Amino acid sequence: MPTYKDMVQPVRATENDMKKIHIDPTPDDQKCDKALQYLDEMRKKFRSFVTAMESCVKCGACAENCHTYLGTKDPNNIPTNRAELIRKIYKRYFTLEGRWFGKLVGAEDISLDVIEQWYSYFYQCSECRRCARSCPFGIDTCEVTFVGRQILHWLGIVPKLHASVGAAMEKVGNHTNLPKPGLVDTLEFLADDILEEFGVEMTFPVDKPNSDILYIPSSADFLLNEYTLKGAGLFFSYIGANWTIPSIVAEAGNFGYLFDQRFTQRHNVMRLLDAAQNLGVKKIVWGECGHGWRAAKMYIPTMADRPVPWPITHIHDEVAYYINTNQLKLDPTKNSKPVTLHDPCNYARACDLQENLRTVMKASVVDFREMTPNKDWTFCCGGGSGILFDDPEMYQRRIQLSAKKAELVRATGVGADGNGILCAPCSICKAQLYPMVEEHKLGVEVKGLIDLVGKALVWK
Amino acid sequence: MSYFIMQIMPYITLVVFTFGVLFRLGRWAGSRIVHNITLAPFPQRNSQVLGIFAAEAIFFRSLFSSDRTLWVGAWLMHIALFSVIGGHIVGIYTLGEEFIYLGLSSDLSKEMSALLGVTFGILMLAALVYLLIRRFTITKVKAVTGPSDYLMLILLLAIVTIGDIMRVFEHQFGIDYAPVKDFVAHLIMLKPLPLDHLALTTPFFVLHIFFVQILLMLFPFSKLMHVFGMFANRWIINRVYKEPAPGLPNVDIAAARQAGIGVPSGEGGV
Ligand code: HEM
Ligand code: SF4
Ligand code: SF4
Ligand code: SF4
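Here is what the cut-offs are and how they apply
Residues numbered from 1 in each chain as written. Chains lettered and ligands numbered in written order. Predicted model: local features only at pLDDT ≥ 70, side-chain atom pairs only at ≥ 80, totals over all residues. Heavy atoms only, no water. Helix = DSSP H or I, 4+ residues; strand = E, 2+ residues; numbered from the N terminus. Buried < 20%, exposed > 50% of the residue type's maximum accessible area, 1.4 Å probe, protein only. Polar contact = N/O pair within 3.5 Å; in protein donor to acceptor, adjacent residues only side chain to side chain. Contact = heavy atoms within 4.5 Å. Near = heavy atom within 4 Å. Nonpolar A, V, L, I, M, F, W, Y, C, P; charged D, E, K, R; others polar. Donors = N, O, S within 2.8 Å, 3.2 Å for Na, K, Ca; no water. Tetrahedral: all angles 85-135°; square planar, octahedral: opposite > 155°, others 65-115°. 1 Å grid on protein atoms, 1.4 Å probe; cavity = no way out; pocket = protein on both sides within 12 Å on 5 of 7 lines; lining within 4 Å. Sits in = over half its atoms within 2 Å of the grid points. Domains from an automatic or database assignment. Buried area = accessible area lost by both parts, 1.4 Å probe. Salt bridge = Lys/Arg side-chain N within 4 Å of Asp/Glu carboxyl O.

Digging into the side chain of Thr-228 of chain A
Residues and elements named next belong to chain A.
(1) Moving on: If you trace the backbone, Thr-228 turns up in helix H13 (residues 226-238).
(2) Moving on: Thr-228 sits in the buried class, given a relative accessible area of 0%.
(3) Moving on: Polar contacts involving the side chain of Thr-228 include one to the side chain of Asp-451, which spans 2.9 Å.
(4) Moving on: Sequence-distant contacts of Thr-228, defined by excluding residues within four places in its chain, comprise Asp-221, Glu-288, Lys-430, Gly-448, Ile-450 and Asp-451.

Some points on the site of ligand 4
All names here are of chain A.
(1) Moving on: Near ligand 4 the following residues occur: Ser-126, His-342, Pro-344, Cys-345, Asn-346, Cys-380, Cys-381, Gly-384, Cys-426, Ile-428 and Cys-429.
(2) Moving on: Broken down by secondary-structure element, the contributors of at least two residues to the shell around ligand 4 are helix H18 (345-348) and helix H22 (427-439).
(3) Moving on: Its residues assigned to classes, the shell around ligand 4 shows seven nonpolar, four polar and no charged.

A closer look at the coordination of the iron atom of ligand 1
All names here are of chain B.
(1) Moving on: Coordination sphere of the iron atom of ligand 1, protein contribution only: His-78 (NE2) and His-226 (NE2), at 1.8 to 2.1 Å.
(2) Moving on: Given six donor atoms and angles of 85 to 179° at the metal, the environment of the iron atom of ligand 1 is assigned as octahedral. One end of the pair, His-78, is in helix H4 (residues 68-94); the other, His-226, is in helix H12 (residues 226-237), and 148 residues separate them in sequence.
(3) Moving on: Under the relative-accessibility criterion, His-78 is labelled buried at 17%.

Thoughts on the site of ligand 2
Residue and element names in this part refer to chain A.
(1) Moving on: Near ligand 2 you find Cys-56, Val-57, Lys-58, Cys-59, Gly-60, Ala-61, Cys-62, Thr-80, Cys-135, Pro-136 and Phe-137, and these make up its full shell.
(2) Moving on: Cavity membership is defined here by more than half of the atoms lying within 2 Å of grid points; on that basis ligand 2 lies in the largest cavity.
(3) Moving on: Residue classes in the shell around ligand 2 are distributed as eight nonpolar, two polar and one charged.

Quick notes on the domain arrangement of chain A
All names here are of chain A.
(1) Moving on: The assigned domain composition of chain A is domain 1 (24-157), domain 2 (164-324) and domain 3 (332-456).
(2) Moving on: Look at where the C-alpha atoms of domain 2 and domain 3 centre, and you get two points 22 Å apart.
(3) Moving on: Facing 32 residues of domain 2, the contacting portion of domain 3 comprises 25 residues.
(4) Moving on: Of the roughly 2,300 Å² buried between domain 2 and domain 3 on both sides combined, carbon and sulfur atoms contribute 66%.
(5) Moving on: Applying the counting rule to domain 2 against domain 3 returns one salt bridge.
(6) Moving on: Put simply, the parts of the chain that give the side of domain 2 that touches domain 3 at least two residues each are helix H12 (220-223), H13, helix H14 (256-259), helix H16 (290-303) and helix H17 (315-324).
(7) Moving on: The element best represented in the side of domain 2 that touches domain 3 is H17, accounting for seven residues.
(8) Moving on: Residue classes in the side of domain 2 that touches domain 3 are distributed as 17 nonpolar, ten polar and five charged.

What follows is the structure in structure tokens.
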């Protein structure tokens, strides 16, 4: 199944999966008409999409700045060609030149094959925006991917992974389907661990009324990145914060942002606002999740249907602030292995977090080595936008999509002796990189950044 | 034929160009900036935003970092293009005596004007050829190029080549500034020229003007809209963003450490 006419495609959500996220899939004979109708709606709404459609000069500068083209050499993975998959339809139906000159200007009639192309290539884009950074005009192909995925969602074409995460978000409020008892159990277990390993006595408050701070962890931290959760817990305890984790939205990520920037994304936002209101908090602090932080910082203001009185910051904004004001005592020698930092693209290109990450890093480790390129020119890990598919075909693609990052990690030399650390302070980056550092034999262990802070804190 | 190209077509061109561009820009304006998609690092002041716009428009700064070989050709081509356009306007208006204002004699100014014109004309030709070769030879560029992309470059090459020929072989094919100024003035005043006017009887000049008008009419319906597109795009992705203040409510780290929070009792603080 996961190929269609030589294109790789993620495993699809079934009709039943789609119903759980409130979509009745469109029958094949209506798909083309519906797709045009949705496209018309999107183009009238999003200027970022329209300018991407109408001002590209086909210079090709974006090509080798996209890890998907570098890794696969598939011409449709060149950002402007990815956009062209929609642009050719856009031109044909919504521009004069496309209607008059057709093929000459690259216009094409819509067909089911084109829709299948969208499904394949918009789910190879990691929405990392390196194309926007490199384009002389700042054309943001990520915006085109958003539009493509939104139309596909309305047609009923969504990867099984994304659809099931969307359903879990609505059911329990997090991506990994963890109900409250599961959350509480895990946190108690982690607190015991912390006492044993760090000699620190603390608890992870859940749903504690009248807290000052609402901490939003990534739900993957409960299962896969325990040191990230421990690090955050240690930090909040160290500073004596009155904090809590909300069980109705124990999720820093927001998969809605990745395939349905309407109901699914907004639903998670409203859960957050409910939690903040009910627990009476004064500030919301976000955990390590790249797309989730972008969705929170940049989209909540325009997504929320009511006023948002709580300031929202990232945990590394706060850690960096306390480091800059000399209020944290950190002992970098507790992290003595060589470390390099993978700038999650969503932090470094969409949220302006890159400098704070460095402040925190430099105070927490002894041997920090920069990767080049980095910061706003960072290359994506290849898993961005949740393309963490594990069927064999897509898994092979993931290895290709992470090839560029692997090359850059190797160039830093941190893994030369097999004991390096690749710090990737984003849940999806971690999920992608855990297997990928093995596939590419990089000799590094993947860690979050707050993990390193937690370890370096000096308690007495 | 030459009468149509030189006396009627210009008005059609003007209308198509103006309404075409307005139509396109109007469509862009009709859509909205729905979410905040500012690109980091975030500018903190409008002066920084202006700096980004200027660096991108004048130096193609992003392109310089992302694709150096393209930058060389594209930047040279645009610099030459702007110089040539500027030269046309000033040269024709002052009849090549623009450098009198810099203290040159009238004759010297005309020579200077001609020399600069040739230089930038040839430079632009070279840059355009470079860009065209690039489209034929580099795999990734070939992969993004369609028929209209080749045609656009060829059209530009035609305009520039004819212009250069008129410059280099001035006496056989060229035309002086005076009749050109006459031609422009008559167009503006809506007055027809006599049929035997030099502007209507110099074949290369007529051809030059013909292709320029084709280009201008294609402008609103082609990628040449990138001229406005760049600013429209950057207006979306380069804007001021103010961060919320860091610092957590009711947190006093010194007091917390003093109290020995987290340190198991018995070994705690002071
Ligand atoms: C504002 C900043 C501008 C930037 C950053 C920019 C950038 C570019 C780039 C990267 C190309 C692609 C070269 C290629 O095709 O390989 C291009 C082509 C071109 N630009 Fe610009 N441009 C700008 C403004 C302008 C302006 C103001 C004009 C005209 C008055 C102009 C006219 C052209 C033309 C005629 C082409 C050739 C199109 C072609 O390749 O087919 N540009 N520009
Ligand atoms: S860099 Fe920008 S203008 Fe050039 S091909 Fe890519 S999207 Fe188009
Ligand atoms: S957003 Fe990233 S993955 Fe997608 S086209 Fe742009 S550079 Fe490539
Ligand atoms: S997964 Fe990480 S590197 Fe990749 S897009 Fe998200 S933030 Fe970027």
